[in-house]
Amino acid sequence: MVQTGTDRVKRGMAEMQKGGVIMDVVNAEQAKIAEEAGATAVMALERVPSDIRKAGGVARMADPTIVEQVQNAVSIPVMAKARIGHIVEARVLEAMKVDYIDESEVLTPADDVFHIDKKAFTVPFVCGCRDLGEAARRIGEGAAMLRTKGEPGTGNIVEAVRHMRLVNSQVRKVIAMAPDELMVFAKELGAPYEILLQIKEAGRLPVVNFAAGGVATPADAALMMELGADGVFVGSGIFKSENPAKFARSIVEATTYYQDYERIVELSKGLGTPMKGIDMSTLEPAERMQDRGI
Amino acid sequence: MSVKIGVLALQGAVSEHIRSLEQSGAEAVMVKDVRDLDGLDGLVLPGGESTMMRRIMDRYGLFEAIQTFAGQKPIFGTCAGLILMAKKIEGKQGPHLGVLDIDVKRNAFGRQVDSFEANLQIKEISENYTGVFIRAPYIKSVGDQVDVLATVDDHIVACRQDRFLACAFHPELTEDPAMHQYFVHMVEEES
């Protein structure tokens, strides 16, 4: 008896990424640099989030040619983004056999009410979250991996920190709660009660939770690990830096050795100027990607 | 005295292996640096991405240290760990550690959509075992000294050679402790 697409296989794939760095790439050459630097997976995109911000307009799934070129260039897993609620973009990516789909707020949502029913797919999904309510709703829809939303393409870690701290503090609350308090907390969060119950019984989230959205330096990556992230997504930071290969290697090592501060000293030297970054207070509400698909 | 087993903790399913080893009666610790190998009776190379693990091992002398360790102590590799142990890897020039006389094919069952669970019979270990295969490799052929323990569709997915144990699936992702118990027993016999 052979079974594909089980929860265990979908969630297990994310478990294998733990402690690793998943890097945004826009072509085969970048994918090879990422793999060589020790990325555990790459996210194939048409534009990195900071360029999506600059370009404006509607951001969609990448051209399949880009995804294919990246798939042919590396042996590590290849992920790709579909718009929130865009069932067909997701089916297209599944047909191309990408290893993971990111139903992502970085792209312009296709549906401003519903997310994709991810249980209906064989390919696993990762989704963004800002709090445990969003996290539990996405798990309820079938997400096999989570990441903080942060604020993509800003090079500013503050939102990712906020989201990671909030999710983890709410998880701790659920674990400590009396069973009869859980239903009201589920109501407050808008979270499926059954998922909260699972978290309470297991003492942790049932899926892996990575940090994403604003990681710009090795110390940022290490900070997110310190705060309890299972791993790190790096979007615009790497290939916008002066020496992407060196920068990528430093982020990978800082993630593995996140409590070895002498090592992070060495890793942080001579990386050149990081992304300029954007202060949150200068973003208009319409420019905040994290408020999409909640 | 329980045996002390390390889990290579550069990346991958580390905490799951530690939990399974502890449930099987061993003391388990993370290995991130050469000095962490001191005093260990055995080592687990976990699932994850073999390319990434090799890159980091090369940078801080862990690669040579683990090769030396393999000259004396038992090692258990799962999925990526199996690839690290193999003498021959299809499409790649030269092995990683090269301690296990097998020829492996990476991502041999396909991409993630082809990842699967299957019931296995594992020689001397379990008659009914759920193997979780994630972008898994399989073993194309084995040397004379290697004992084949399990197959899926005629592909070899678990084997043992002397003090080396390896499987293409992920025992750390199931609740069944049989594989870990077997390895802990191997380590007890060696130490």
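Residues numbered from 1 in each chain as written. Chains lettered and ligands numbered in written order. Predicted model: local features only at pLDDT ≥ 70, side-chain atom pairs only at ≥ 80, totals over all residues. Heavy atoms only, no water.

A. Spatial organisation of the sheet that holds strand 8 (residues 126–133) of chain B. Ordered by their spatial adjacency, three strands build an open sheet running 1(A)-7(B)-8(B), and the pairing between neighbours is antiparallel. Two strands in the sheet have a free side with no partner beyond their single neighbour: strand 1 (2–4) of chain A together with strand 8 of chain B. Taken pair by pair, the neighbouring strands of this sheet meet at an average axis angle of 30°, ignoring direction. Of the strand pairs in this sheet, strand 1 of chain A and strand 7 (residues 116–122) of chain B are connected by three bridges, and their pairing is antiparallel. Bridged to Val 2 of chain A within strand 7 of chain B is Ala 118 of chain B. (Pairing = 2+ DSSP bridges. Helix = DSSP H or I, 4+ residues; strand = E, 2+ residues; numbered from the N terminus. Axes fitted to C-alpha atoms, helices over the stretch in contact; angles between N-to-C directions.)

B. Seen up close, the packing of helix 12 (residues 244–256) of chain A against helix 2 (residues 50–59) of chain B. Axis separation between helix 12 of chain A and helix 2 of chain B bottoms out at 11 Å; the angle between their running directions is 85°. With respect to helix 2 of chain B, the axis of helix 12 of chain A lies roughly perpendicular. The residues of helix 2 of chain B that touch helix 12 of chain A, namely those facing Arg 249, Val 252, Glu 253 and Thr 256 of chain A, are Met 52, Ile 56 and Arg 59 of chain B. Grouping the amino acids of the contact of helix 12 of chain A with helix 2 of chain B by side-chain chemistry returns three nonpolar, one polar and three charged. (Parallel < 35°, antiparallel > 145°, perpendicular 65-115°, else oblique. Contact = heavy atoms within 4.5 Å. Nonpolar A, V, L, I, M, F, W, Y, C, P; charged D, E, K, R; others polar.)

C. Just the UniProt feature "active site" (unreviewed entry) in chain A, in detail. Residues and elements named next belong to chain A. On the UniProt side, "active site" (unreviewed entry) is annotated at positions that read Lys 81 here. Contacts of Lys 81, omitting those with residues within four sequence positions, involve Met 43, Ala 44, Leu 45, Met 61, Leu 93, Asp 102, Ser 104, Val 106 and Leu 107. At 2.8 Å, the side chain of Lys 81 and the side chain of Asp 102 are in polar contact. (UniProt positions renumbered as here; feature names shortened; annotations may be inferred. Polar contact = N/O pair within 3.5 Å; in protein donor to acceptor, adjacent residues only side chain to side chain.)

D. Quick peek at the interface of chain B and chain A. The interface of chain B with chain A comprises 39 residues on the first partner and 41 residues on the second. Looking only at chain B, the three residues that lose the most surface to chain A are Arg 111, Val 113 and Glu 117 of chain B, adding up to 20% of its buried area. The tally of links from chain B across to chain A stands at eight salt bridges. Taking the shortest distance from any N to any O, the salt bridge between Arg 55 of chain B and Glu 36 of chain A comes out at 3.1 Å. On inspection of chain B and its partner chain A, the count reaches 24 residue pairs in polar contact (both at pLDDT 80 or more). (Buried area = accessible area lost by both parts, 1.4 Å probe. Salt bridge = Lys/Arg side-chain N within 4 Å of Asp/Glu carboxyl O.)

E. Region of interest: the packing of helix 10 (residues 218–226) of chain A against helix 12 of chain A. Residue and element names in this part refer to chain A. Remark: helix 10 packs on helix 12, axes separated minimally by 8 Å, with the N-to-C direction vectors making an angle of 25°. When the interaxial angle is binned, helix 10 and helix 12 end up roughly parallel. Here helix 10 runs over helix 12; the crossing is right-handed. Of the residues in helix 12, those touching helix 10 at Pro 218, Ala 221, Ala 222 and Met 225 are Ser 250, Ile 251, Ala 254 and Thr 255. (Left-handed = near helix turned anticlockwise from the far one by under 90°.)

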